[in-house]
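Commentary on secondary and tertiary structure
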Amino acid sequence: MVEKTIALVTGANKGIGYEIAAGLGALGMSVGVGARDRQRGEEAVAQLRANGADAFFVPLDVTDDESVTSAASLLEERFGRLDVLVNNAGIAGAWHSKPSVVTPDGLREVLETNVIGVVRVTNALLPLLERSTHPRIVNQSSHLSSLTLQTTPGVELGDADGSYTPTKTFLNAVTVQYAKELTGMKVNGVCPGYVATDLNGHQGTETPANGAKAAIRLATLAEDGPTGGLFDDAGTVPW
């Protein structure tokens with residue numbers, strides 16, 4: 001009997017995270033729906049189950065040490081390992097905040113979720129990922145994070161932003177360093193595109209389902225797949 005692949009998606013009660021969970025569930029994985037809000041998390045799980053997915057709720061606030069430790073313990077007790085981690089949870093902060101008006105506290109708040117939260121969750125779950133025969137880590141980045149795209153004449157990525165955008169560039173750097181260390185895993189960043197979600201006031205032009213496709217692909221990479229890269233649904237995204 002083939003063991004089910006066990007996945008955890010943070011910030012999975014809505015938007016892209018929900019669709020990633022749905023996509024992984026449709027592939028037969030057992031998917032943990034990480035969410036801060038218990039009611040919303042349980043509602044998302046109920047909807048996923050109604051659609052045929054093997055989903056379960058994981059109370060998880062990526063900014064809280066105790067919450068992350070408890071989530072790791074839940075997965076340890078229930079499965080003893082983790083095969084796929086999708087670090088999807090993120091916040092926009094005061095969007096757009098020009099660099100000249102960003103406050104240290106405002107930047108620190110966004111960093112706490114978008115970068116430090118990823119490190120907190122990943123490190124807590126590494127012992128479980130190391131027990132997997134095919135561990136995959138996917139970090140939710142953004143095209144905005146690309147220094148190449150940001151400095152290429154003619155590429156339009158919106159107004160200058162001093163908080164969300166640089167935190168995603170920071171996350172890219174963290175992703176590369178994890179990939180260098182964790183040579184037995186596939187660790188990649190993903191750009192979902194301009195997706196209509198709560199994060200941008202639903203101004204995006206893509207659906208969450210489309211925005212989830214690249215993350216689902218990276219979460220299911222073959223053994224000869226890439227690691228330490230940044231990708232979207234069309235392929236490689238420049239740093």
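Bear in mind the structure is a predicted one, so any value in this text is a computation, not a measurement. (Residues numbered from 1 in each chain as written. Predicted model: local features only at pLDDT ≥ 70, side-chain atom pairs only at ≥ 80, totals over all residues. Heavy atoms only, no water.)

Our focus in this paragraph is the sheet that holds strand β7 (residues 230-232). One open sheet accounts for eight strands, arranged β3-β2-β1-β4-β5-β6-β7-β8; its pairing is mixed. Only two strands of the sheet have a single partner each, and these edge strands are β3 (54-59) and β8 (235-236). Bridge count for β7 against β8 is two bridges, and the pairing is antiparallel. Pairing of D232 across the sheet is with G235, part of β8. On the sheet, helix α3 (residues 65-78) packs against β1 (6-9) and β3 and is oriented at approximately 145° with respect to β3. Taken strand by strand, helix α6 (residues 164-181) contacts β5 (136-140), β6 (186-190) and β7, and its axis lies near 165° from that of β6. (Pairing = 2+ DSSP bridges. Helix = DSSP H or I, 4+ residues; strand = E, 2+ residues; numbered from the N terminus. Contact = heavy atoms within 4.5 Å. Axes fitted to C-alpha atoms, helices over the stretch in contact; angles between N-to-C directions.)

Scanning the entire structure with this criterion turns up nine salt bridges. D83 is the partner of R81 in a salt bridge, and the nearest nitrogen-oxygen pair spans 3.1 Å. D83 carries the same exposure label as R81, and that label is buried. The partner of R136 in a salt bridge is E223, with the nearest N and O atoms 2.8 Å apart. With R136 in strand β5 and E223 in the loop between α7 (208-219) and β7, the pair connects residues that are 87 residues apart, well separated along the chain. Several salt bridges converge on common partners, so that one network encompasses E3, R81 and D83. (Salt bridge = Lys/Arg side-chain N within 4 Å of Asp/Glu carboxyl O. Buried < 20%, exposed > 50% of the residue type's maximum accessible area, 1.4 Å probe, protein only.)

Our next topic: the pairing of strand β4 (residues 84-87). Side chains V84 and V86 project from β4 onto one buried face, and the interleaved L85 and N87 project onto a second face that is buried too. Both β1 and β4 contribute to a ladder of three bridges, which runs parallel. Note on β4: the bridge partner recorded for V9 is V86. The parallel pair β4 and β5 is bridged by helix α4 (residues 104-129), and the resulting crossover is right-handed. (Right-handed = clockwise from strand over helix to strand, strands pointing away.)

So, on to the nonpolar core. The biggest cluster of nonpolar side chains holds 30 residues, and the ones touching the most others in it are V9, I20 and L24. For this core, the secondary-structure elements that each account for two or more residues are β1, α1 (15-26), β2 (30-35), α2 (38-50), β3, β4 and α7. Of the residues forming this core, the biggest block, six residues, is contributed by α7. In this view, V9 contacts G17, I20, A21, L24, V31, G32, V33, G34, V86 and N88; residues no more than four positions away in its chain are not counted. (Core = buried A, V, L, I, M, F, W, Y, C linked by side-chain atoms within 4.5 Å.)

As for its position among the elements, L182 is in the loop between α6 and β6. Here L182 falls in the buried class, since its relative accessible area comes to 8%. As for L182 and E130, which are separated by 52 residues in sequence, their C-alpha atoms are 9.3 Å apart. When near neighbours in sequence (up to four residues on either side) are disregarded, L182 contacts L126, I137 and V187.

Look at α1 against α2: their axes get within 11 Å of each other, and the N-to-C directions meet at 35°. For the crossing formed where α1 meets α2, the hand is right-handed. Residue-level contacts link Y18, A21 and A22 of α1 to A44, Q47 and L48 of α2. Per-class residue counts for the contact of α1 with α2 are five nonpolar, one polar and no charged. (Left-handed = near helix turned anticlockwise from the far one by under 90°. Nonpolar A, V, L, I, M, F, W, Y, C, P; charged D, E, K, R; others polar.)

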